[in-house]
Amino acid sequence: MLAESKKIAVVTGASSGIGAATATALHAAGFELILGARRLDRLKEVGEPLGATYRVLDVTDADSVEQFCSEIQNVQLLINNAGGALGMDTIAQAKDDDWERMYDTNVLGLMRMTRALLPKLEASGAGHIVNVGSVAGRDPYPGGAGYNAVKFAVKAITQVMRLELVGKPIRITEVAPGLVETEFSEVRFSGDRERASKVYAGMQPLLAEDVADCIQWVVTRAPHVNIDEIVVKPLAQASATVVARKL
Ligand code: NAP
């Protein structure tokens, strides 16, 4: 008897943090991996030990998305993870460039990847899209408006996907984490490590592996089971702004 062929998962933003940990968790669950991000050296570090295919992908660049997706023949699982926040300015101080880049990455990037791979996900007969949202997409906070807006958008887009695709063999899930210690805050604060470390001071944040564990769980349920959303926070975090810190 022929061995059942492995399912193929595409992970965007797999060069660090949640994307990298998700690649490892999906590999452990038996998926073959196609990984994308802009930093090829970092993708290589993640992908090579997992026997993954990895290629440069910039989700803000339509040509890059088209090139990346055109080389994919079969795919069962798309993890739309590439994203992040830029700055923490109030609306009075908001920078157009930060807001445009956040929208381009978190919202348009997710749309571009989904639009490109939807026909192949449907043709697989058992497709699944997991969008990485955020507690920021549920819980606004001062200085968060630009990032809140894009993650509220991810939540809305995920719900629309579910409505538009019901009846087709494509599961749709949003995984929305709270505080996770990754490169997220360093990117947000333009490489300022001291400021980034304060985000997690005096509390135990989630690890990227904790979120990857949730993603692995939702994608390994029986094919007729759709987990619509998971919100996962550290024990010490009750909302975007209410965090118990021992300082
Ligand atoms: P991270 O370590 O900074 O990872 C972000 C990933 O996105 C990197 O692999 C980065 O790779 C990739 N990326 C950024 N821009 C990209 C682009 N234009 N094209 C392709 N890839 C791009 O942060 P993370 O915490 O793992 O973030 C992953 C996701 O989780 C994001 O959507 C973030 O909004 C969400 N999230 C994070 C937290 C948290 O507290 N950390 C909480 C809730 C939700 P390159 O730079 O190599 O392109």
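Provided above is the structure to which this section pertains.
This report concerns the structure included in the present document. (Residues numbered from 1 in each chain as written. Predicted model: local features only at pLDDT ≥ 70, side-chain atom pairs only at ≥ 80, totals over all residues. Heavy atoms only, no water.)

Below, the discussion takes up the site of the ligand. The environment of the ligand is made up of 32 residues, and the closest members are Ile18, Arg38, Arg39, Tyr147 and Thr182. The separation between an oxygen atom of the ligand and a polar main-chain atom of Ile18 is 2.8 Å. Contact distances for the ligand include 2.8 Å between an oxygen atom and a backbone N or O atom of Asn81. Considering the ligand on its own, with 880 Å² of exposed area, one finds that the protein chains cover 95% of that surface. At the level of elements, α1 (17-28), α4 (96-123), α5 (145-165) and α6 (184-188) are the ones that each hand at least two residues to the shell around the ligand. Class assignment of the residues belonging to the shell around the ligand gives a composition of 13 nonpolar, 14 polar and 5 charged. (Near = heavy atom within 4 Å. Polar contact = N/O pair within 3.5 Å; in protein donor to acceptor, adjacent residues only side chain to side chain. Areas by Shrake-Rupley, 256 points an atom, 1.4 Å probe, with all protein chains shown as cover. Helix = DSSP H or I, 4+ residues; strand = E, 2+ residues; numbered from the N terminus. Nonpolar A, V, L, I, M, F, W, Y, C, P; charged D, E, K, R; others polar.)

The next subject is the environment of Leu50. The residue Leu50 is located in the loop between α2 (40-47) and β3 (53-56) in this model. In this structure, the C-alpha to C-alpha distance between Leu50 and Thr24, residues 26 residues apart in sequence, is 7.0 Å. When neighbours within four sequence positions are excluded, Leu50 is seen to be in contact with Ala23, Thr24, His27 and Leu33. (Contact = heavy atoms within 4.5 Å.)

In this section: the packing of helix α3 (residues 62-70) against α4. At their nearest, the axes of α3 and α4 sit 9 Å apart, and the two run at 25 degrees to each other. Overall, the two elements α3 and α4 adopt an arrangement that is roughly parallel. Of the two possible hands of crossing, α3 and α4 adopt the one that is right-handed. Between α3, through Ala62, Val65, Phe68, Cys69 and Ser70, and α4, the contact on the second element is made entirely by Arg112, Met113, Ala116, Leu117 and Lys120. Of the residues assigned to the contact of α3 with α4, the class counts are 7 nonpolar, 1 polar and 2 charged. (Axes fitted to C-alpha atoms, helices over the stretch in contact; angles between N-to-C directions. Parallel < 35°, antiparallel > 145°, perpendicular 65-115°, else oblique. Left-handed = near helix turned anticlockwise from the far one by under 90°.)

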